[in-house]
Structures are given as C-alpha cells and as structure tokens.
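Analysis of the macromolecular model
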Amino acid sequence: MQDLKEWRETLQQQSHRGDRPSLTVGMSTCGQAAGGAKVMAALEEEIARRGLQVDISQTSCIGMCYAEPIVEVALPGKPRVFYGDVTPERVPTLVEKHVLQGEPVREWALIQLSGEATPYEGIPVMPGSTYYGRQVRVVTSRLGLTNPESLEEYIATGGYEALEKVLGQMTPEQVIEEIKISGLRGRGGAGFPTGLKWSFTRQAPGDKKYVVCNADEGDPGAFMDRSVLEGDPFSVIEGMTIAAYAIGADEGYIYCRAEYPLAIKRLKMAIAAAGEKGLLGRDILGTGFNFDLHIKAGAGAFVCGEETALLASIEGRQGMPRVRPPFPAQQGLWGKPTNINNVETYANVPFIIKNGGQWFASMGTEKSKGTKVFCLTGKIKKTGLIEVPMGITLREIIFDIAGGIQDDKQFKAVQIGGPSGGCLPEDKLDLPVDYESLTAAGAIMGSGGMVVMDENTCMVDVARFFLNFTQAESCGKCTPCREGTKRMLEILTRICEGEGRMEDLDTLETLARVVKNTALCGLGQTCPNPILSTLQYFRHEYEAHIKDKRCPAHVCQALLVYTIDAGKCTGCGACARACPAGAISGEKKQPHRIDPALCIKCGSCMEKCKFGAISRL
Amino acid sequence: MADVTLTIDGKRITVPAGTTVLQAARDNGIFIPTLCHDPKLTPWGGCRLCVVEIEGMRGLPASCVTTVAEGMVVQTASPQVVEARKMMLELLLANHPRDCLTCSKSGACSLQDYAYYYGVRGDKFHGEKHDYPLEDDNPFIVRDMNKCILCGKCIRVCAEVQVNNVIDFAHRGFNTRVTPAMDLTLRESEECVFCGNCVQVCPVGALAEKASLWQGREWELTKVRTTCTFCGVGCNLEVSVKDDHVVRVRGYDNPLVNSGWLCVKGRFGADFAESPDRITRPLIRVGERGEGRFREATWDEALDYTARRLQEIKEQYGSRAIAALSSARCTNEENYLMQKFMRAVIGTNNVDHCART
Amino acid sequence: MDLGSNNDANIKAKALAEVLERYAGTEGALIPILQEAQEIYGYLPGEVMREIARKLKIPFSQVYGVATFYTQFHLKPRGRNIIRVCQGTACHVRGGARLLEAISAALGIGKNETTADGRFTLETVACLGSCGLAPVMMINEETYGRLAPEKIPAILEKY
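Residues numbered from 1 in each chain as written. Chains lettered and ligands numbered in written order. Predicted model: local features only at pLDDT ≥ 70, side-chain atom pairs only at ≥ 80, totals over all residues. Heavy atoms only, no water.

You'll find chain B entered in an unreviewed UniProt entry as NADPH-Fe(3+) oxidoreductase subunit alpha, with Moorella mulderi DSM 14980 given as the organism.

Under the annotation held in an unreviewed UniProt entry, chain A carries the name NADP-reducing hydrogenase subunit HndC and is attributed to Moorella mulderi DSM 14980. The UniProt entry for chain A carries the following comment under Sequence similarities (unreviewed entry): "Belongs to the complex I 51 kDa subunit family." (UniProt positions renumbered as here; feature names shortened; annotations may be inferred.)

1. Looking at the overall build of chain B
Each helix and strand in chain B was counted, giving nine helices and 15 strands. Relative to the globule expectation of 21 Å for 357 residues, the C-alpha radius of gyration of chain B, 27 Å, shows a markedly less compact shape. Expressed as lengths along the three principal axes of its C-alpha atoms, the size of chain B is roughly 85 × 50 × 40 Å. Partitioning the intrachain contacts of chain B with sequence separation of at least 6 by distance along the chain shows that 56% fall at a separation of at least 24. Averaged over its 43 positive side-chain charges, chain B has a centre that lies 2 Å from the centre of its 45 negative ones. (Helix = DSSP H or I, 4+ residues; strand = E, 2+ residues; numbered from the N terminus. Rg over C-alpha atoms; globule rule 2.2 N^0.38 Å. Contact = heavy atoms within 4.5 Å. Lys, Arg positive; Asp, Glu negative; His and termini not counted. Charge placed at Lys NZ, Arg CZ, Asp CG, Glu CD.)

2. Description of helix H4 (residues 91–100) of chain A
Spacing of three or four residues puts side chains on the same side of an α-helix, whose turn is 3.6 residues. Residue and element names in this part refer to chain A. The complete set of buried residues in H4 reads Val91, Leu94, Val95, His98 and Val99. Seen along its axis, H4 keeps its buried residues to an arc of 105°; they face one direction. On its buried face, H4 sits against strand S1 (22–26), helix H3 (36–50), strand S3 (71–74) and strand S4 (80–83). Positioned one or two residues after H4, Gly102 has a phi angle of 75°, which is positive. (Buried < 20%, exposed > 50% of the residue type's maximum accessible area, 1.4 Å probe, protein only. Arc of directions from axis to C-beta.)

3. Considering the UniProt feature "domain: 4Fe-4S His(Cys)3-ligated-type" (unreviewed entry) in chain B
Mapped onto this structure's residue numbering, the UniProt feature "domain: 4Fe-4S His(Cys)3-ligated-type" (unreviewed entry) falls at residues 80–119 of chain B. Secondary structure across residues 80–119 of chain B comprises 60% helix and 0% strand; the distance between its end C-alpha atoms is 16 Å.

4. Focus on the domain arrangement of chain A
Interface extent is often summarised as the accessible area lost during association of the parts. By domain assignment, chain A separates into domain 1 (18–113), domain 2 (151–360), domain 3 (371–454), domain 4 (459–547) and domain 5 (560–616). Between the C-alpha centres of domain 1 of chain A and domain 5 of chain A the distance comes to 48 Å. (Domains from an automatic or database assignment.)

5. Let's talk about helix H20 (residues 502–518) of chain A
When the terminal C-alpha atoms of H20 of chain A are compared, their 25 Å separation across 17 residues agrees well with the 24 Å that a helix rising 1.5 Å per residue should span. Residues of H20 of chain A that are buried: Asp504, Leu505, Thr507, Leu508, Thr510, Leu511, Ala512, Val514, Val515, Asn517 and Thr518 of chain A. Among the structural elements, helix H19 (479–496), helix H21 (522–526), helix H22 (529–537) and helix H23 (539–547) of chain A together with helix H2 (79–94) of chain B are those in contact with the buried residues of H20 of chain A. (Expected span 1.5 Å × (residues − 1).)

6. Let's talk about the packing of aromatic side chains
Under the definition given, this model contains 21 aromatic pairs over all chains. Judged by centre distance (5.1 Å) and plane angle (75°), the ring pair of Phe69 of chain C and Tyr70 of chain C falls under edge-to-face. Given the relative accessible area of 1%, Phe69 of chain C is considered buried. Tyr70 of chain C gets classed as buried once you look at its relative accessible area, which sits at 1%. A cation sits over an aromatic face here: Lys277 of chain A above Trp7 of chain A, 4.7 Å from the ring centre. Taking the ring centre of Phe374 of chain A as reference, the NZ or CZ of Lys372 of chain A above it sits at 5.6 Å. (Phe/Tyr/Trp six-rings, centres within 6.5 Å; stacked < 30°, edge-to-face > 60°. Lys NZ or Arg CZ within 6 Å of the ring centre and 35° of its normal.)

7. Description of the domain arrangement of chain B
Residues and elements named next belong to chain B. In terms of domain boundaries, chain B breaks down into domain 1 (3–77), domain 2 (215–277) and domain 3 (283–353). Computed from C-alpha atoms alone, the centre-to-centre distance between domain 2 and domain 3 is 30 Å. With four residues of domain 2 at the interface, the matching set in domain 3 holds four residues. In total, domain 2 and domain 3 occlude about 340 Å² of area from one another, counting both sides; carbon and sulfur atoms represent 40% of this. (Buried area = accessible area lost by both parts, 1.4 Å probe.)

8. Comments concerning the confidence of the model for chain A
Do not read the predicted coordinates in detail wherever pLDDT is low. Considering every residue of chain A, the mean pLDDT works out to 92; 99% of them sit at 70 or more. Taken element by element, the predicted model of chain A shows its lowest mean pLDDT in helix H5 (residues 130–133) of chain A (70) and its highest in helix H11 (residues 233–247) of chain A (98). (pLDDT = per-residue confidence, 0-100.)

9. Some details on the interface of chain A and chain C
On the side of chain C, 38 residues touch chain A, which itself brings 56 residues to the contact. Ranking the residues of chain A by area buried against chain C places Ala299, Gln318 and Phe465 of chain A at the top, with a combined share of 17%. The tally of links from chain A across to chain C stands at one salt bridge. With its nearest N and O atoms 3.7 Å apart, the salt bridge here joins Glu607 of chain A to Arg98 of chain C. Inspection of the chain A/chain C interface yields ten residue pairs in polar contact (both at pLDDT 80 or more). If you list the elements that add at least two residues to the side of chain A that touches chain C, you get helix H2 (29–33), strand S9 (289–297), helix H13 (307–314), strand S11 (371–378), strand S15 (449–454) and helix H18 (459–473) of chain A. (Salt bridge = Lys/Arg side-chain N within 4 Å of Asp/Glu carboxyl O. Polar contact = N/O pair within 3.5 Å; in protein donor to acceptor, adjacent residues only side chain to side chain.)

10. Observations concerning the interface of chain C and chain B
Taken together, the contacts link twelve residues of chain C with 14 residues of chain B. At the boundary of chain C and chain B, one finds four residue pairs in polar contact (both at pLDDT 80 or more). Secondary-structure elements contributing two or more residues to the side of chain C that touches chain B are helix H3 (46–56) and helix H4 (60–69) of chain C. Of the residues assigned to the side of chain C that touches chain B, the class counts are six nonpolar, six polar and no charged. (Nonpolar A, V, L, I, M, F, W, Y, C, P; charged D, E, K, R; others polar.)

11. Here we look at the packing of H19 of chain A against H20 of chain A
Residue and element names in this part refer to chain A. Packing of H19 against H20 leaves a shortest axis separation of 10 Å and a crossing angle of 155°. Looking at the two axes, H19 sits roughly antiparallel to H20. Crossing handedness for the pair H19 and H20: left-handed. Contact residues: H19 offers Pro480, Gly484, Arg487, Met488, Ile491, Leu492, Arg494 and Ile495, while H20 offers Asp504, Leu505, Thr507, Leu508, Leu511, Ala512, Val515 and Thr518. Residues belonging to the contact of H19 with H20 are distributed by class as follows: ten nonpolar, three polar and three charged. (Axes fitted to C-alpha atoms, helices over the stretch in contact; angles between N-to-C directions. Parallel < 35°, antiparallel > 145°, perpendicular 65-115°, else oblique. Left-handed = near helix turned anticlockwise from the far one by under 90°.)

12. A word on the environment of Lys242 of chain B
All names here are of chain B. Within the secondary structure layout, Lys242 lies in strand S10 (residues 236–242). Distance in space between the C-alpha atoms of Lys242 and Phe294 is 33 Å, their sequence separation being 52 residues. Those residues in contact with Lys242, other than ones at most four positions away along the chain, are Gln215, Gly216, Glu220, Leu221 and Val247. A polar contact of 3.4 Å, which involves the side chain of Lys242, links it to the side chain of Glu220.

13. Things to note about the UniProt feature "domain: 4Fe-4S Mo/W bis-MGD-type" (unreviewed entry) in chain B
Within this numbering scheme, the UniProt entry marks residues 221–277 of chain B as carrying the feature "domain: 4Fe-4S Mo/W bis-MGD-type" (unreviewed entry). Between the first and last C-alpha atoms of residues 221–277 of chain B the distance is 26 Å; the span itself is 9% helix and 35% strand.

14. Overview of unusual backbone geometry
A cis amide bond links Arg324 of chain A to the next residue, Pro325 of chain A, at an omega of -5°. Within the secondary structure layout, Pro325 of chain A lies in the loop between H13 and strand S10 (338–342). Looking along the chain, the bond that leaves Pro325 of chain A and enters Pro326 of chain A is cis, with omega of 0°. Among the secondary structure elements, Pro326 of chain A is positioned in the loop between H13 and S10. Within the chain, Trp334 of chain A stands out as a residue other than glycine whose phi angle is a positive 45°. Among the structural elements, Trp334 of chain A can be located in the loop between H13 and S10. Judged by its relative accessible area of 22%, Trp334 of chain A is partly exposed. A positive phi angle, near 50°, is found at Asn140 of chain C, a position not held by glycine. Tracing the backbone through its elements, the reader meets Asn140 of chain C in the loop between strand S4 (137–139) and strand S5 (142–144). Of the residues examined, Asn140 of chain C reaches a relative accessible area of 28% and is grouped as partly exposed.

So this is what it looks like as structure tokens:
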C-alpha cells in the first residue's frame, strides 16, 4: 500500500505536463464516428512532415458531442485548449498557429482549462462557461481530460485513493455506512438506496457472494454509461472493488452490451492493468483481500438491463426475468447473494469514499443526492453528455446548458427515461430533476437519457416509436407485455395512419394501465409510460389524428396532403420531374396539380420547388 | 413451519408460512384462475391471470408466485383485478383461433372456461395473429402452435418430469414459440419419446392426442379409473370412453404411484383393447405343436388342465424340469406369488423374468 | 450442410474445438461460446449449435432458445459487410427512417436481407449510443454520423 502512495507521488510529479506540446484527440465512439481517426491521422502526418517534437495521444468523450471531433492542444505551462469540429483541413492551421506560434485559433476554440496557468483571452474557461457553468462533474471529471487507457494517469489524478482508504482504515460496515450517509441512489433508473442494497447483500447468509455491474445500457437516447466506461473505466472497477469488500464478495462481473466494443476493449485493458499492479485479483494491496473481475458481453437484448434477466444471461440462458422476491441480494447469480448496481452508481463510489458521504450529500435535493449524468439529444443545439446536481430544473438543462432548441424552433416536449419514461410538456420545464418529481409527473429518472422534441415532432408518432421498441424487445414471458405491447403498437399505428377511432383511446388507456399493473418485470411495467404521458399531456394531438385526420406536426405520412398553390406555381415542371409516382401533371408554364390518389407523400416535390408553391397540410 | 394469518376477500385465513397466496386462496375455496400454474411444476408466473390486489404492494402481483405474509390483505375479485383478468383474456384470445366449434379441447379448455366465466368475447382487438403450420407428422401428438398461449407447462414437464428437454422457448416477444431445436417437429427432433405428458398439462387445445380427434366431445366421454397393464409400476389411468371405445388415456393423479404422469405405452398404447387379435378366452391347443390350432376353453378347464400337466411333468422328470418366466407387466404381488408357487409348490428355483437382462 | 471447402471446414472445426476446450468447466459459458462460434463461422450453423450442446452437456433446445433470443446471433449466413442503421430515438427524430429507406433502395434489399453478391447485409439496431451525431449507422466496426440519404452512395462505394 505504501508502494501505491509512492508511485502516485512519482506519477503526479511526472504528469505536470512536460516540456513538450501535446495534442489529444477525443476518440470515444462518438468522436470516432465524427471522424476523430481521420483528424488523428492528419495530425500525425502534419507533425511528421514538420518534424516536430509533439506528443499525440487520445482521450475519451468530454461531453460536447455536438462539437466532435474535438482536439486538445496544450503547450507547456499554458492552458489546455479544446477545439471543436476539427477537420483534417483545419489541422495545418491549428499546428502552425497554436503549436508553432503559440497563438490559439480563437474562432475554432470551444473552451480552455487553465489550471494554474494564465488563461488565454477570448476563450471561455471551463468552469464558468455557459456549457460547463451549471455542471458539476464528478463521475465525468476525467472524461476527455485523461487517457482512459492509462492506469498511471488514473492514479495520478487521485485514482485508487479510495480503495487505499477502504482497505487500510475502514471495516466493511463503515464503508456501507459512508455510502448510506452519502444518500447515493441507484443510477440505473429505479433509484433504490445503494447503501441499503449493499447492507442487504452483506447480511444475506452465504460464503460466496458476487458483485455485478449492469452496463447493459440499452435505452435509445442514452450513452452515459458508455461514456464513463470508455472515458474512465478504472473508476468503475475501483467502485466495484470497494463494493466487493463492503459486501464480502470475491468475484464480480461487468455485463456490458456487445454494441459497445470500445467500452469492452477499454474495460479489458483496465482489468488487466489493475491486475498487474495488484489492484485486482489475489491479495489486493497486500491486505489479503481477493477480488476477481470478469466481463460478460451481452448479446443484444434490451430486457437484460432488468436485473434478474441480466443474471439469467450471465448464467447462459435466455434473458427472461423472474419474479422478485427473492431479490438478487438474497438469491442472485447462481443462487448466491449478489449486489447489482449500474455503471454510474459504481463510478460514484470512489469519489464518495475519498471525499466523504457528507460531501456527496451536500449536493442535490432532500431525497435525491449528488449529481446525475444526462445525455442530451434530439432537437437541441448542443447535444452531449452533461453532469448536473440533482434538483436542477429541466429548463436550466435544456435552455441554459444545451442552448435551447435547434433552429430556435418551439419546444414541445422532453422525453426522459427512455422507453420506460414519459414525455413532459412545456409547463413541466421548471420541475426539479429528482427521482420523486419526475415519477410524479409521469416520467422517470431512468438511466439519464433526455430527448428533446420540437414543434416538428408528432407525439403520437413518438409513442408509437417507443412501443415499436418495447414490443420488439419484449422477452415474451408474460402475457401483458408480450401480447399487450403488440396491440398497443397496432392501435398507435392505426391512429398514425388515420384509421383510428375515438374508442381506441379508451382501449389504449385501459390496456396501458393493465399492462403497467400486471407485467412481470420493469420493462413491461413501464413500457406504457410513453403512451400514458402523451395521452395525458398531448391528447389533443391524438384527437387531431383521429377526428380531423390530421397530423399537427406534419410527421405522419398517411395524413399529409400536398397541394400546389396555383398563384405561386410558375409551371416550371421541376416538381413533376421529381415525383416518383407520376402524381403531378400540368401544362408547361401553367399551374400544376397533384393527384391525391397517386401521391405517395414523399415530399420530393416540395424539396424541389423553388417558389414555395407546394404546401403540406 | 410457523403459521401465517392473512385476510383474503375479507376472510381470515391461517396457513403455513411459505404458502403462496394462490394456494392459500384455493385451500379455502376462493377462486383464482390460472393458466401457467401447476402445483407439480416449478412456478413460472408468466400468464398473469392469477393477479390479485394486495394492500401496500405496487401493481397487481401474481398470486402463484407471491408468498403469504402476516397480516396481508388480499382482494381476489376487486374491480381492478377483474378488469386486468378480462384484459389478459382479451389479449390471449386476440391471438387465438376461433375454432371452439370443432376444437377437441372444447369443454375442457381453461381459456374457454375463463372467457365464459368473465364474459370475455375476444373481440376487443383485431390485429396480427400467428399462422403456424399444423404439426401432425407423428402418430401420437398433434401440435397446433396457433392455439398455444405460451404458458410453458409443456416445457417444464419435459424438463422436470420426463427430464428430456426436447422443447424450449425459442425466438422472443410476440414471436416466442415452444419448439424443439431448429424449429423442427417433435418427430424430426429425434429426441422426443412421446410420453405425451405435455399434452396432459396443456390448458388449451395446442396439444392433442391424435387418436382422440373427432372421436367424441368432452361431455360425451365416460371417465374410468383403472391401472395400466403395461408394466409392474401400475400407473393409475383415467380412460375416457365413448360407446365402448377408448377415446384417450390420461394419467390419474395418484401421488403414491405415478402422480398422473405416463409413458408412451400407457398413454398411447390402448388400442390393443379393441384389437381383433386380442385373446379374450383361454385356449387349449388341439393338434400338433406348431400347427397353430386351438380351441376355446373355460377358465376352470384351462386351470385344471395346467395343474394336471404340471403334476405329471414333475412326477415324471422332477421339479427341475419346470421353469417359470414372469413378466414386467405383472404387479409386484403377482410376481411374488409366481416365485412362491414355483418354490413352495413346484419345488424349484427356476424363476426368471423378461426384463432381467 | 455446406460449411465451405473441406480444408476451410477443418480449420473452423479446429477453432471451435479450441474455444470449447478453453471454456471447459466454466459456468455460464454458453453465450460467450456462441459469440466466438459466430466469429469463426460468420453465423451459427445448426450442426455447430448441436456440437456446443453436446460438449456443454445441455439440451440442444436450450442452445437454440438462447441463440434465437438474442439479436446478436444469426442462424443464416450474412454478407461480408454488415450495415447497421440506428433506429434510436434521436436518430428517429432526425430522419433515421429515411436513411434506412435510402440504403434499402441503393442496395435493393430490405431489413435483415443480404445482397445477392453477398457484399452487404442490412440490419437495424435499437441504438448505437452515438445520439449526438444522429442519424448514425455502422458498417462493420466503423460508425458514420450526421448522415443524410445523399451521403449514402459514396459511403457504400468504399466497401
């Protein structure tokens, strides 16, 4: 243990960024998708071409997805500057100006992290910028700033201090007590108090116990866990190791969905690195405490995010949930007491132990403590990953942090909690984000996906979208979910296609209520939420589809009607040529007409018309 | 185990701890419908028809997998419960053929009975229905997966009783089906032994005995309890008969013997009863051995003849010239008597058995 | 069943045997074994599943149940390049459906189909978790973000 301390001190001295400039490219999944690898190659080429002595490395997602690819440029003793939307074409200028001449390219710079250095003028400083000002970064504190594949950087930035403290000075009971004081609740959705869960597993009789990390982040619109796994895998591993010590387990599993290859790769590297340095495996830090950690890759089933289905999947069976009780704390993996938490929950643990439960509890609201990571997506200006204190309002998140709606359109709804969540309208924007408030409003905290919708989003279509998802992901075990999601989807599809009847709404509501009350697992019990919340807040949109055969957001194709304004039409014929169905006719230089019987409502004509003569109703 | 007192529908009930709410209700004459539940199989909790309202619990828990607790207050027929059960039946019927008119299960079908009980017509939803081909490529069982409600009893019987694991759930969600590997038929799987216990537990008409199709409606059948003659186990049978014709054989639930389960012979081998080759009277050979000529005799004559011949052989050649070969189809008592007779009366140890090797 | 040429089949069978050997005695090994078997064969042929069942001493029906439950497993051969179009919420509101249509039209195949030349298989995925770049798709291991139907032909050209 003394070795670890000394090693950390040595690393910390080294890591005062040396005497060479460094270039760091965001290479998480979204960074790569946005072209990070090409930028990296261009940087390498440029540096080689000029024969410069520069370190090039990679990091993870800093959270500003809207600006990927992101490159950090740091000169010795100067602030770290982050550039967004970097293209290979911009690379030469960036190197020339910033690396060689020492002058940041201000118009491309997003933000700077100055530390002890004097900030550059004209570039927002990270704490205090509009995007970061309201954020409190705990579990995301290393994201985008350190190399996630380096155990050295993890330790230099305070990693494994918590495990050191736990193994050196704390009893398992004290660890659990500290977590209880922090008020940490499960970040996977249901919000069960973590300390209490740990104490149940600790108290359960049995010699063999497991800790399991639920990294099967399957909600569409959610990538918090992926970002943490890709950006700070060691924090999750350290958190699990502490949990294992607290509950008396010597073996653990991380169940990560197979769609996250980079996260799995980084976890594997991290587990190997930690094992090599005696931070995992036999006799950790020479204290006699053993903990083996394995990775299980999921195989593509959303329902495996449900804890009993997840356990069944680790055991090699279909991911069909079973009835609880018995809870996994009593009978979990292979019938042994098992503690299951999600990625973000474990990632919080080292910070809580290091800074104390009181510190964590000082953030957030009375019942929801600490911070929460959210993924902002949909029709907002700044999509990305943010971490905010509990209790912040939706309005602050959407308008202050994310900059409001794309193209300054009208906000319509925010969907929180994925397929289990609900859609909240404008008048709920001042709701504080905490477990109880969101549930009361008909949404849920869920894992933290937040999809913003504008005036061009049809709420019936959104409900149909989610039911399409849950219907495809239903495991098939219980009647209400297997058959009920199918029928709800059919009704919603009918309404979207203009075939709905008013009595469908009653049927839909009753069915949704019954499924919610009777389904076996969390997936089934919550899958009606998108329907119930849209029916509650946007019933008028349903009625417009049914009574007026009209989609107010112009989304539901079957209900669209394209017409040509004879007054504006110049008879150029561009629309007729674009029409794949041959539905448009008219003499040259004469107003054209659309035959509604032939029109397939693809919208090609409208895109082609230069005179704004075609309208969609 | 300690006792627990709870209230079900206003009635105070005391049952041993660990009992399920369903069992507690049924033991006290309170009706709760079930489709996937079978007390002899592992609980499943999938059909959700047995949901009840329990004070202080979220939603409507399934009573078959909820254990009783001290002071628990249960409602089995509240408006919310009835609404949920009706909806569950509507959902099942929405994906179920409407051929009760000709379905062999009619009259003994749980789905039909519950739909009648709750007045559910099955006309609330009109959407996609399964369209699987009928599986009737084997001589014993007809599988109509369109009628399957995915209660999984057949899977559990195959795994837990027969321990053969031929079938399992495959695919997922709405497309879930019960099937042998590779979506083969039971026959093609080459693993099924056709014990037919799956047919016996099927609550609907998805599984049926092939030979019983079109042989009689449920209410026309006379049920006769008897013992299987195929082996010494003596499984209890319930034979359904119409007009002196055996329509089907099922196991009778006698926990001392076979708990209702049967093997392929007992269940599907009853056709011997009506075979023209069946010997129904004692026969005494006339003419030479191998010639195959016999005449009918009375039991008295046949027994006298046998006793006389045994005596003659014993006197002439000694006891060791006589041997007895017994049968696995006899009961233990019969086999005991046989060896006793040979040892005490004939005076030999020449006793053997067809199933010895 | 045709599992390729004799030599090829032998190499694959050997690789499978190695996988089974490596997992011998490991609890809960079925899913990782199926994943590795699929890596070897490109899909899960029936004979391979039967062999896995035999070696693990578990029912064939259970192996089949697991293989058909998880969307990652494929029971039919797939194309050399796998296109996976994201159908997540963010992609949906940013035109994911039109993207799928464009790819489908360009290749002349529908969802879960493979082109006649075996070049592409078109699949959808519930969410790739790159919502900030919606709409997105993956071709093999590469993710493409901020897509529009008109960008599709040039991308497909590369494979």
